[in-house]
Amino acid sequence: MKEHLYDLYQKTGPAPVIKKLGALKMGMEQTPVIFKGEKVMAESHGPTKEIPYQNISVRNITTGQEYPHFGKDHHFASAFVKDDVLYVFATTQRDNKPMTMYVEEGAEWHDPRGGHEVKMFKTTDCINWEEKVIIHAPDRRMWNTSVCKGEDKYVMAIEVSSEEGFNIPEIGIGFTSFFAVSEDMENWQMLPDKYSYTNTRYNACPALRYSKGYYYMICLEALPCQRYAPYIYRTKDFENWEVGFHNPMMMWGDEDRIPKEGVVFTDEEMDLLRTGLNINCSDIDLFEYENKVHIYYSNGDQMHYSFLCEAVYDGTMDEFLEHFFK
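These figures come from a predicted structure and were not determined experimentally.

Thresholds, definitions, all that
- Residue positions are given per chain, counted from 1 along the sequence in the order it is written.
- Local features in this predicted model are restricted to residues whose pLDDT is 70 or higher, and side-chain atom pairs enter the listing and the counts only when it is 80 or higher, whereas totals over whole chains, interfaces and linings include all residues.
- Only hydrogens and water are removed before side-chain values are computed, so all heavy atoms of the structure are retained for them.
- Helix numbering and strand numbering both begin at the N terminus, where a helix is a DSSP run of H or I of at least 4 residues and a strand a DSSP run of E of at least 2.
- Classification of residues uses two cut-offs on accessible area relative to the type maximum, computed with a 1.4 Å probe and protein chains only: under 20% is buried, over 50% is exposed, and between them is partly exposed.
- Residues adjacent in sequence count toward polar contacts only when both atoms are side-chain atoms; beyond that, a polar contact is any pair of N or O atoms within 3.5 Å, and within protein one must be able to donate a hydrogen and the other to accept it.
- Stacked, tilted and edge-to-face are the three classes assigned to paired rings of Phe, Tyr and Trp, where Trp is represented by its six-membered ring and a pair needs centres within 6.5 Å; plane angles under 30 degrees give stacked, over 60 edge-to-face, the rest tilted.
- Only lysine NZ and arginine CZ atoms are considered, and such an atom sits over a ring when it is within 6 Å of the ring centre and within 35 degrees of the ring normal.
- Two strands are said to pair when DSSP picks up at least two bridges between them.
- A fitted line through C-alpha atoms serves as each axis, taken over the contacting stretch for helices, and the angle formed by two N-to-C directions is quoted from 0 to 180°.
- The term nonpolar core refers to a set of buried residues drawn from Ala, Val, Leu, Ile, Met, Phe, Trp, Tyr and Cys, joined through side-chain atoms within 4.5 Å.
- The contact definition used throughout considers only heavy atoms, calling two residues in contact when any of these lie within 4.5 Å.
- Cysteine sulfur atoms that come within 2.5 Å of each other are treated as a disulfide pair.
- Patches were defined on residues exceeding 30% relative accessible area and lacking a salt bridge, with like-charge contacts within 9 Å and nonpolar side-chain contacts (Val, Leu, Ile, Met, Phe, Trp, Tyr) within 5 Å.
- Here, Shrake-Rupley sampling with a 1.4 Å probe gives the accessible areas, and only protein chains in the shown set may cover a residue.
- We define a salt bridge as a contact between a side-chain nitrogen of Lys or Arg and a carboxyl oxygen of Asp or Glu at a distance within 4 Å.
- Charged-residue counts in this description rest on Lys and Arg as positive and Asp and Glu as negative, His and the chain ends being excluded.
- Just so you know, the charge point we use is NZ for Lys, CZ for Arg, CG for Asp and CD for Glu.

Student: Where do I start with the side chain of Arg 140 in this structure?
Tutor: The topology assignment puts Arg 140 in strand S10 (residues 140-149). Among the residues examined, Arg 140 registers a relative accessible area of 6% and is labelled buried. Polar side-chain contacts of Arg 140 include one of 3.1 Å to the side chain of Asp 139.

As structure tokens, this is what we get:
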């Protein structure tokens, strides 16, 4: 892996103007897509009294209609549309032990997520789903995924961490993005481990897009003093990477504590939105709609809570991505 930051005396233009619109709902891990002319969101859900296990659903962004949940015990949903078929990708659990990563200080840390398989779910009506394991890798743990269509193939970015008992040098600090390719969206093959980014820093929850010969990837970076912000990079070959000039591309702030116009929260939710520790701008995903880029991200403290928030860039996806490298 080779990484290019910038040259000495580099000149740049202004940063892209991203307007934050406010908080939408509690939660995180989502991908917006256009499916049969409708704006929909594939969303991950934690256990509740009604559904006592991790699951996935699809929601119409405009009407709020939520389709039947699916994907029992699957995590970190992402989505892609091809030929009027909605594909949702998710990763399995590593084990069924209780999650203890959010308890009091001194307790043993355990996260059952980050399993060894990526599963594909597909539908034409958001009700009936076919499913298939497309990647099985017992030597690593897999978390978030993101899919885009490149020039001649589909590419998936996969957030990976180490598994006990295996030594993969390309897996670095915290998380590293690895890649898989497909000709048809149905059959996937992992690229060799040398095609990865980056083993030198925490690099989580990728969002992958293709534009004008480049693959652009947005990942969460860990900043000093337990702060987290998204950075954008691009590559043509998954070995040589450029880091965008205008990074971090977004930061946490008080705009994340305001409900989007028309959104109503309970008193308890509003108290958390206003007073919860906000050190995070994570799990970015985005799509273009009517010549604007709508950006969804999560605020919060990376552990205890998060709200899904929305922002917008007035321009096309091609313009938005390229702007970070001008």
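Student: Explanation requested: the packing of aromatic side chains in the structure shown.
Tutor: Per the stated rule, a full pass over the model turns up 23 aromatic pairs. Consider the rings of Phe 265 and Phe 307, whose centres lie 5.4 Å apart with planes at 90 degrees: the pair is edge-to-face. In this pair, Phe 265 is assigned in the loop between strand S18 (240-243) and helix H1 (267-275) and Phe 307 in strand S21 (residues 307-313), connecting sequence segments 42 residues apart. Residue classification places Phe 265 among the buried positions, given a relative accessible area of 11%. Stacked on the ring of Tyr 214, the Lys or Arg Arg 234 has its end atom at 3.9 Å from the ring centre. Cation over ring: Lys 236 sits above Tyr 214, and NZ or CZ is 4.8 Å from the ring centre.

Student: I would appreciate a short explanation of the sheet that holds strand S6 (residues 74-82) in the present structure.
Tutor: Spatial ordering of the open sheet is given by S6-S7-S8-S9, a layout of 4 strands whose pairing is antiparallel. Two strands in the sheet have a free side with no partner beyond their single neighbour: S6 and strand S9 (130-136). Each adjacent strand pair in this sheet contributes to an overall mean axis angle of 25 degrees, direction not counted. Sheet analysis places strand S7 (residues 85-92) next to strand S8 (residues 117-123), joined by 6 bridges and oriented antiparallel. Bridging from a neighbouring strand, Tyr 87 pairs with Lys 122 of S8.

Student: Looking at this model, I keep getting lost on the sheet that holds strand S3 (residues 30-35). Mind explaining?
Tutor: Sheet strands pair by backbone hydrogen bonding; their relative direction is either parallel or antiparallel. Read across the open sheet, the 3 strands follow the order S3-S4-S5; overall the sheet is antiparallel. Here the strands that pair on one side only, and so sit at the sheet edges, are S3 and strand S5 (55-60). Averaged over all pairs of adjacent strands, the angle between strand axes in this sheet comes to 25 degrees, irrespective of strand direction.

Student: What is the right way to look at the nonpolar core in this model?
Tutor: Grouped burial of nonpolar side chains is what soluble globular proteins tend to show. Ile 232, Met 249, Met 250, Ile 284, Leu 286, Ile 295 and Phe 320 are the most contacted members of the largest nonpolar core, which totals 27 residues. Going through the elements one at a time, strand S16 (214-223), H1, strand S19 (282-289), strand S20 (292-298), S21 and helix H2 (317-323) are the ones with two or more residues in this core. If you tally residues by element for this core, the top one is S21, at 4 residues. Aside from chain neighbours lying at most four places away, what touches Ile 284 is Ala 207, Ile 218, Pro 230, Met 249, Met 250, Ile 295, Tyr 296 and Tyr 297.

Student: Just checking my understanding: could you explain the state of the cysteines for this structure?
Tutor: By definition, a disulfide links two cysteine residues through a covalent bond between their sulfur atoms. Tallied over the entire structure, the rule returns 0 disulfides. With no disulfide of its own, Cys 219 lies 6.9 Å from the sulfur of Cys 205, the closest cysteine sulfur. Judged by relative accessible area, Cys 219 falls into the buried class, the value being 1%. Cys 309 carries a free sulfur, and the closest cysteine sulfur to it, the one in Cys 281, is 8.0 Å from it. Taking relative accessible area as the criterion, Cys 309 reaches 0% and is therefore assigned buried.

Student: Just checking my understanding: could you explain a negative patch on the surface for this structure?
Tutor: Together, Glu 288, Asp 314, Asp 318 and Glu 319 make up a region of like negative charge exposed at the surface. With respect to the element layout, Glu 288 can be found in strand S19.

That's the geometry; what it means functionally is another story.
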